Amino acid sequence: MLSGKEAITIDNISDIEAYRKLRKKKKRKKRLITFLIVAVLIAVIAILGTYFSRSGNTGDLENTNSTDNANTGIAANGFPISLGGNNPLDITGCGKNILLLTKNSLISVSEQGKQIYSAHHGYSNPVMTASSRRVLTYDLGGYQFRLDTAKSAVGSKKLTEPITLGAVSNDGHVAIVTQTERYSVSLKIYDSALQEIFSWNVTDKIITAIDFNSRNNACVVSALSVQDGSANSKIYELSFQSKKEVFETTLEDCMAISVDYKANGTIGIVTDTAVYLLDSSGKMKSESIYSGKLLLYSNASSDSVTVLLEDTENTRNTRVLLIDDNGNTAASTEISEQAVDVKAADDCLLILSEDTVTVFDKKLQQIKTVETGTNPLRTLLLHQKGYILSASQLTQFLVSK
C-alpha cells in the first residue's frame, strides 16, 4: 500500500487501483449500513406516529356542518357522549371546542357536549394535530391532508408522496413532511389558503418534530441523522421569509421526539434520553438527563416540560418531573399506577391511568382524582375542564375540587 508521500510509478500503479477499489467498497458498505439504519428508523417513527400518521388543488370536502349528528352515529347532546362503536382514536382542543378523531370522521363538540361540526376524512391511518384556531388531519403513510376550523372546512390537498408528519400554526400555516425518492424527506410549508410558501429538502435525515414560532414566520425542526452507526438529532430553525436555516444545533446520541417554543423564547426539546432547552439563537441553555426510561411526556405548557419516567428501583412506579424553562426541576412526585396519557397546561397537570385521572397543580401537589371507567384511551385538559376518552364514551369533569 502507498504511503502519503510515495511517488506514483509504473510499479505501484496496481497498488493505487487496489487501494481505490478498497475505498470504494468501504464507502458502498458504509452507505448501505447507513441506508439500512435510516430505513429501520423510518419504520419506527411511522409506528410511533400512530401511537403519539399526486399534486392537487384545494378541493371539495365531504362534510356536514350541522347539529343533528348526520353521518357520525354519535349522539352529542351533552356529556357523557356515547360514541356508538365509532372507533375513537384521539381528542384535542381547538379554541373552546373539543375535537374528536374517529376511524372515519372528525367531530367538533362544544363545552356543553353539543356537536358543532363533523367531516368524513376517509383516511386509512388518520392523525390529528391542532392549534388554538385550526386542526390538521392527515393520512399517515398516505397522500392526503385536510385543514378545518372547529366549525367549518378550510381545504384539502392530495400529494404525490407519502406523508410522514404534519403540524399546524395558530393562523393556519401547515407543515407537511413527505418521504421522497430524491431526498430522505421533504418539508413543505403552506399558508392558510394551502398555497406552498416554503420548502426544505434533506438527505440522510428524518424529520421527527416541528413547531411554529409565535409570529408564524419560522419553525423549529428536529431531524434524526445517523453517522458511523450513531444517531444524533439536528435542531434547525427555518425562516419562511429569508428561505434559509437560521441556526443548526446538534444533540448527540439521542432522538428528539418533540420541540416547542416557550413563552420566553426558549425552545423545549424532549428526546429519548434527556430534556434540552435552547435559547432563541439555538445555543444550549440546559440538559436534564433522565435517570430512568422515558414513558410519557407533555411539552405543550408555555413555561415547562413534563416527563414521566420509569422508576429505576421499582419499575412498577412512575416518576413525574416538571422542568421549568430555565432547565431546573421545579417539582417532582411519584405515582404507583401505570400511566396511559399525560396532559399539561400552565396551571395544572392531568395523568391518566387505567382506573383514574389524577389532577396535580404546578407544584405537583395532588388536587383530586376522577374515576375513568373502563378502557381509557386519552385525556384532555381545556379551560379548567378535563375530558376522558374511552372506547365507548367521552366524559367531562371539572379540574378544580
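None of the values given here were measured: they were computed from a predicted structure. (Residues numbered from 1 in each chain as written. Predicted model: local features only at pLDDT ≥ 70, side-chain atom pairs only at ≥ 80, totals over all residues. Heavy atoms only, no water.)

## Some thoughts on the sheet that holds strand β28 (residues 348-353)
The condition that has to hold: Two strands form a pair only when DSSP identifies at least two bridges running between them. Numbering of helices and strands runs from the N terminus; a helix is a DSSP stretch of H or I covering at least four residues, while a strand is a stretch of E covering at least two. As a rule, the C-alpha atoms of each element are fitted with a line to give its axis, helices using only the stretch in contact, and angles between N-to-C directions run from 0 to 180 degrees.
The antiparallel open sheet is built from four strands, whose spatial order is β27-β28-β29-β30. The strands lining the two open edges of the sheet, one partner per strand, are β27 (339-344) and β30 (366-371). On average, adjacent strands in this sheet sit at an angle of 15° to one another, irrespective of strand direction. Across five bridges, strand β29 (residues 356-361) lies against β30 in antiparallel orientation. Each bridged residue has a counterpart across the sheet, and for Thr356 the counterpart in β30 is Glu371.

## A word on the sheet that holds strand β33 (residues 393-398)
In space, the four strands of this open sheet follow the order β2-β33-β32-β31, with antiparallel pairing throughout. A single partner strand is all that each edge strand has here, and the edge strands are β2 (81-82) and β31 (376-382). As paired elements, β2 and β33 share two bridges and run antiparallel to each other. Along β33, the bridge assignment pairs Ser82 with Gln393.

## Describing the nonpolar core
Where we set the bar: The set of buried Ala, Val, Leu, Ile, Met, Phe, Trp, Tyr and Cys residues whose side-chain atoms join them within 4.5 Å is what this entry labels a nonpolar core. With a 1.4 Å probe rolled over the protein chains alone, any residue whose accessible area is under 20% of its type maximum counts as buried; one over 50% counts as exposed, and the rest are partly exposed. Note on contacts: a residue pair qualifies if any of its non-hydrogen atoms lie within 4.5 Å across the two residues.
Phe145, Val174, Leu187, Trp200, Ile207 and Ile210 are the most contacted members of the largest nonpolar core, which has 32 residues in total. Sequence-distant contacts of Leu187, defined by excluding residues within four places in its chain, comprise Ala175, Ile176, Val177, Phe198, Ser199, Trp200, Ile207, Ile210, Val221 and Leu238.

## Topic: the pairing of strand β17 (residues 230-239)
Of all 10 residues in β17, eight are buried, a share of seventy percent or more. Taking the residues between adjacent antiparallel strands as the criterion, strand β16 (residues 218-227) and β17 are bridged by two residues, where Asp228 takes a positive phi near 55°. Here β17 folds back onto strand β18 (residues 244-251) in antiparallel fashion, the turn holding four residues, of which Lys243 has a positive phi close to 60°.

## Details of unusual backbone geometry
With an omega of -5°, the peptide bond running from Phe79 to Pro80 counts as cis. With respect to the element layout, Pro80 can be found in the loop between β1 (63-64) and β2. One non-glycine residue, Asp204, lies in positive phi territory at about 60°. Here Asp204 shows up in the loop between β14 (196-202) and β15 (205-212). Of note in this structure, Asn216 is not a glycine but carries a positive phi near 60°. With respect to the element layout, Asn216 can be found in the loop between β15 and β16.

## Concerning the side chain of Ser353
Following the sequence through the fold, Ser353 ends up in strand β28. Residue class for Ser353 comes out buried when judged on its relative accessible area of 4%. Excluding residues that lie within four positions of it along the chain, Ser353 makes contacts with Glu337, Gln338, Ala339, Val340, Thr372 and Pro376.

## Considering the environment of Asp148
Spelled out, the test is: Distance and chemistry together define a polar contact, namely a pair of N or O atoms within 3.5 Å, with one atom able to donate a hydrogen and the other to accept it when in protein, and with adjacent residues in sequence counting only for side-chain atoms on both sides.
Mapping Asp148 onto the fold places it in strand β9 (residues 144-148). It is 5.3 Å that separates the C-alpha atoms of Asp148 and Val135, two residues lying 13 residues apart in sequence. Beyond its immediate stretch of four places on either side in the chain, Asp148 contacts Leu106, Tyr117, Ala119, Arg133, Arg134, Val135, Ala153 and Val154. Here the side chain of Asp148 touches Tyr117 through a polar contact of 2.5 Å, side chain to side chain.

## A word on the pattern of salt bridges
When their charged atoms lie close together, side chains carrying opposite charge are able to pair. The test is simple: By definition, a salt bridge exists where a carboxyl oxygen of Asp or Glu is found within 4 Å of a side-chain nitrogen of Lys or Arg.
Summed over the entire model, instances satisfying the criterion amount to eight salt bridges. Between Glu111 and Lys385 there is a salt bridge, with the nearest N and O atoms lying 3.8 Å from each other. Placement of the pair is Glu111 in the loop between β5 (105-109) and β6 (115-120) and Lys385 in strand β32 (residues 385-390), with a sequence separation of 274 residues.

## Thoughts on the confidence of the model for the protein chain
So the rule is basically this: Values of pLDDT, which run from 0 to 100, indicate the predictor's confidence residue by residue.
For the protein chain, the average pLDDT comes to 85, and 82% of its residues sit at 70 or higher. Every residue in residues 1-17 scores below 50 in pLDDT, and together they form nine contacts with partners more than four places removed in sequence or on other chains.

## What about the packing of aromatic side chains?
Definition in use: For this analysis, a ring pair means two rings from Phe, Tyr or Trp (six-membered ring only for Trp) whose centres lie within 6.5 Å, classed as stacked if their planes differ by under 30 degrees, edge-to-face if by over 60, and tilted for the remaining angles.
Counting across every chain of the model gives five aromatic pairs. Note on Phe79 and Tyr387: the rings are 5.6 Å apart at their centroids and 55° apart in plane angle, and the pair reads as tilted. Of the two residues, Phe79 is situated in the loop between β1 and β2 and Tyr387 in strand β32; the sequence distance between them amounts to 308 residues. Looking at Phe79, the relative accessible area reads 22%, which means it is partly exposed. Taking relative accessible area as the criterion, Tyr387 reaches 0% and is therefore assigned buried. Ring centres of Phe145 and Tyr190 lie 5.6 Å apart, and the angle between their planes is 45°; on these two criteria the pair is classed as tilted. With Phe145 in strand β9 and Tyr190 in strand β13 (residues 185-190), this pair connects stretches of sequence that are 45 residues apart.

## A closer look at the pairing of strand β12 (residues 174-178)
The buried fraction of β12 is high, at five of five residues. Of the two faces of β12, both are covered, the one formed by Val174, Ile176 and Thr178 as well as the one formed by Ala175 and Val177. With five bridges connecting them, strand β11 (residues 163-168) and β12 associate as antiparallel partners. Looking across to β12, one finds that Ala167 is bridged to Ala175. In this antiparallel pair of consecutive strands, β11 and β12, the connection spans five residues, and Gly172 shows a positive phi of 100°. Both β12 and β13 contribute to a ladder of five bridges, which runs antiparallel. Bridge pairing in β13 links Ile176 to Lys188.

## Some thoughts on the side chain of Asp90
In this fold, Asp90 is placed in strand β3 (residues 88-94). For Asp90, the contacting residues outside a window of four places in its chain are Leu99, Leu100, Leu101, Met128, Arg378 and Leu389.

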